[in-house]
Amino acid sequence: SPASSIVSSIEMSPGSRVTKGTVILTLDPKALTLDIENLRDQLGVMENDLQKTRLNARSTRVDLDYNAEVKNLKITSLKTEIADQEQLLKVGGISPALHEQTKQELVLAEKDLKMTLEKIPIRLKQIEADEKGLLLQIGIRNKELESREELLKRLTVRAPSDGIILGIFTNAGE
């Protein structure tokens, strides 16, 4: 028997002549059919997770690029502000403390941008690894499904060659 299952019918009896391919007995496919349906459902969920991961990756890329652009604009704005403040500082229209504070904000903004730019490729690699992991899981489940479907085809036990059945050591329902 190709799988452990209940015998649903016995078509031939001991002493019967058979030709190659004659059905000898049939095993109950219910448990295996449920297993196949379960695997298909799992694959559906995994495919959905993969789609969500891909959409999340696109959204994350947009967010990361947007954050970097905003930080670049902030730096440009601070540089312009510092240039304006230097003009005002020369004529006494601004306090040196405010000018120093703006320069410190620029340093912090540049460090923040640098950190963001370093994190972008790391986050993109994490997303890529998540997708690869899901693809591997889907591949494994597909192989399991193919195996179960092949097994389902073999639940009908056929004579491997012409001959006489010597014995069947089971009964229908066992």
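Now for a look at the structure at hand. (Residues numbered from 1 in each chain as written. Predicted model: local features only at pLDDT ≥ 70, side-chain atom pairs only at ≥ 80, totals over all residues. Heavy atoms only, no water.)

**Some points on the environment of Ile82**
Consideration 1: Mapping Ile82 onto the fold places it in helix α1 (residues 30–90).
Consideration 2: Note on Ile82: relative accessible area 9%, which makes it buried.
Consideration 3: Distance in space between the C-alpha atoms of Ile82 and Leu98 is 9.8 Å, their sequence separation being 16 residues.
Consideration 4: If near-sequence neighbours (up to four positions away) are discounted, Ile82 is found in contact with His99, Thr102, Lys103 and Leu106. (Helix = DSSP H or I, 4+ residues; strand = E, 2+ residues; numbered from the N terminus. Buried < 20%, exposed > 50% of the residue type's maximum accessible area, 1.4 Å probe, protein only. Contact = heavy atoms within 4.5 Å.)

**Some thoughts on the side chain of Thr60**
Consideration 1: Considering the arrangement of structural elements, one finds Thr60 in helix α1.
Consideration 2: The buried category is assigned to Thr60, whose relative accessible area is 12%.
Consideration 3: Within polar-contact distance, the side chain of Thr60 engages the backbone oxygen of Asn56 at 2.8 Å.
Consideration 4: With near-sequence residues (within four places) excluded, Thr60 lies in contact with Arg123 and Ile127. (Polar contact = N/O pair within 3.5 Å; in protein donor to acceptor, adjacent residues only side chain to side chain.)

**A short note on helix α2 (residues 96–153)**
Consideration 1: The first and last C-alpha atoms of α2 sit 85 Å apart over 58 residues, in line with the 86 Å expected at 1.5 Å per residue.
Consideration 2: Inspection of α2 places His99, Thr102, Leu106, Ala109, Leu113, Thr116, Ile120, Ile127, Leu134, Ile138, Leu145 and Leu151 among the buried residues, and these make up the whole buried set.
Consideration 3: Buried residues in α2 make contact with α1. (Expected span 1.5 Å × (residues − 1).)

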